[in-house]
Amino acid sequence: LAKTTQPISMDSYEGQEVNITCSHNNIATNDYITWYQQFPSQGPRFIIQGYKTKVTNEVASLFIPADRKSSTLSLPRVSLSDTAVYYCLARGGSYIPTFGRGTSLIVHP
Amino acid sequence: EPEVTQTPSHQVTQMGQEVILRCVPISNHLYFYWYRQILGQKVEFLVSFYNNEISEKSEIFDDQFSVERPDGSNFTLKIRSTKLEDSAMYFCASSWTVDEKLFFGSGTQLSVL
């Protein structure tokens, strides 16, 4: 199972771009990198998934370098409602999605 | 967007009692999961279910726990004799394939007194 490491917490302000980096040194060749968002008392919600280079959707971008040992979730122009915990998952040979402690993002006015 | 539905949203029970947590996964999904999250801690995997049988389970999922898909739509988690430490938010999730993203329900908050 690919172990992921993320910062425990981050602070930002409304309107800023936020980048959360996750390291996954032992990621397997066929693993995808998936990010989830969780608000208090709610289930995690899928944000974005990628394999390599860059993926963009309506809420975020995901940057994955060529060696795939890390990935960066980019949230453009955050608002107060983006305050949440963000989880990076990389399935390392096991198909069970396993959550780490995630990154607690607090967006200030 | 399709939803995973969980009932009840809150369940209070006495220690030693049996509880059944219910989930309705997204209709065409094939893989089903239960997770739990103790207050302030991370989301922990309990069990996965595919083709009407358990495919993986964690150390947490001991003999007190069981899962069932009784009628092709519902997916239940039973805790036979609850303990105080079973108090947590329990999340059901489903996915179409083993590699696809998971859709989570809004959870059942279980309080064991």
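Refer to the structure printed above.
Before going into details, it helps to say that this report is about the structure given with it. Just so it is clear, the structure is predicted and the values come from calculations on it, not from any experiment.

Glancing now at the overall build of chain B. A tally of helices and strands in chain B yields 0 helices and 11 strands. Going from the N terminus to the C terminus, chain B shows its helices and strands as β-β-β-β-β-β-β-β-β-β-β. Whereas a compact globule of 113 residues would reach a radius of gyration of roughly 13 Å, chain B reaches 13 Å, a difference of no more than 12%. Counting over 113 residues, chain B shows a buried share of 43%. Within chain B, contacts between residues separated by at least 24 positions form 54% of all contacts whose residues are at least 6 apart in sequence. For chain B, the exposed surface amounts to about 5800 Å²; the carbon and sulfur share of it is 45%.

By secondary structure assignment, the location of A:T72 is in strand β7 (residues 70-75). Leaving out residues up to four positions away in the same chain, A:T72 has contacts with A:N19, A:I20, A:T21, A:S61, A:L62 and A:F63.

Strands in a sheet are paired, the pairing made by backbone hydrogen bonds, and the direction either parallel or antiparallel. Residue and element names in this part refer to chain A. The 4 strands are arranged β2-β7-β6-β5 in an open sheet whose pairing can be described as antiparallel. What marks the edges here is a single partner per strand, and that holds for β2 (18-23) and β5 (53-56). Each strand axis lies, on average, 15° off the axis of its neighbour in the sheet, ignoring direction. The sheet contact formed by β2 and β7 spans 6 bridges and is antiparallel. Its bridge partner lying in β7, T21 is registered against T72.

With that out of the way, let us pick up the state of the cysteines. By definition, a disulfide links two cysteine residues through a covalent bond between their sulfur atoms. All names here are of chain A. Applying the stated criterion to the full structure yields 2 disulfides over all chains. Two residues share a disulfide in this structure: C22 and C88, whose sulfurs sit 2.2 Å from each other. Disulfide C22 to C88: torsion about the S-S bond roughly -75°, handedness left-handed. Taken together, the positions of C22 in strand β2 and C88 in strand β8 (residues 84-90) put the pair 66 residues apart, joining distant regions of the chain. One exposure class covers both C22 and C88, and it is buried.

Taken together, the 16 residues of chain A in the interface contact 20 residues of chain B. Summing both sides of the interface, chain A and chain B together bury roughly 1600 Å²; the carbon and sulfur share of this comes to 60%. Looking at the side of chain A facing chain B, the largest losses of area belong to A:Y95, A:I96 and A:F99, adding up to 32% of the total buried there. Scanning the region where chain A abuts chain B turns up 0 salt bridges.

Before going further, it helps to spend a moment on the packing of aromatic side chains. Per the counting criterion, the structure on display carries 16 aromatic pairs over all chains. The interplanar angle of 10° and the centroid separation of 4.4 Å between the aromatic rings of B:Y31 and B:Y50 together place this pair among those described as stacked. With B:Y31 in strand β4 (residues 31-37) and B:Y50 in strand β5 (residues 44-50), this residue pair connects regions lying 19 residues apart in the sequence. What makes B:Y31 buried here is its relative accessible area of 14%. Members of the aromatic cluster, joined through ring pairs, are A:Y36, A:F46, A:Y87, A:F99, B:Y33, B:Y35, B:F45, B:F91 and B:F104. A cation over a ring is seen here: A:R68 above A:Y51, with NZ or CZ 4.0 Å from the ring centre.

Moving on, we get to unusual backbone geometry. Omega for the bond connecting B:T7 with B:P8 falls within 30 degrees of zero, at -10°, which places this linkage in the cis form. Turning to its location among the elements, B:P8 is positioned in the loop between β1 (5-7) and β2 (10-13). Positioned with a positive phi, A:R68 is a non-glycine residue whose angle comes to about 60°. By secondary structure assignment, the location of A:R68 is in the loop between β6 (61-64) and β7. Here B:N51, not a glycine, exhibits a phi torsion of approximately 55°, which is positive. Inspection of the secondary structure puts B:N51 in the loop between β5 and β6 (53-57).

Thresholds, definitions, all that
- Residues numbered from 1 in each chain as written.
- Chains lettered and ligands numbered in written order.
- Predicted model: local features only at pLDDT ≥ 70, side-chain atom pairs only at ≥ 80, totals over all residues.
- Heavy atoms only, no water.
- Helix = DSSP H or I, 4+ residues; strand = E, 2+ residues; numbered from the N terminus.
- Rg over C-alpha atoms; globule rule 2.2 N^0.38 Å.
- Buried < 20%, exposed > 50% of the residue type's maximum accessible area, 1.4 Å probe, protein only.
- Contact = heavy atoms within 4.5 Å.
- Areas by Shrake-Rupley, 256 points an atom, 1.4 Å probe, with all protein chains shown as cover.
- Pairing = 2+ DSSP bridges.
- Axes fitted to C-alpha atoms, helices over the stretch in contact; angles between N-to-C directions.
- Disulfide = S-S within 2.5 Å.
- Buried area = accessible area lost by both parts, 1.4 Å probe.
- Salt bridge = Lys/Arg side-chain N within 4 Å of Asp/Glu carboxyl O.
- Phe/Tyr/Trp six-rings, centres within 6.5 Å; stacked < 30°, edge-to-face > 60°.
- Lys NZ or Arg CZ within 6 Å of the ring centre and 35° of its normal.

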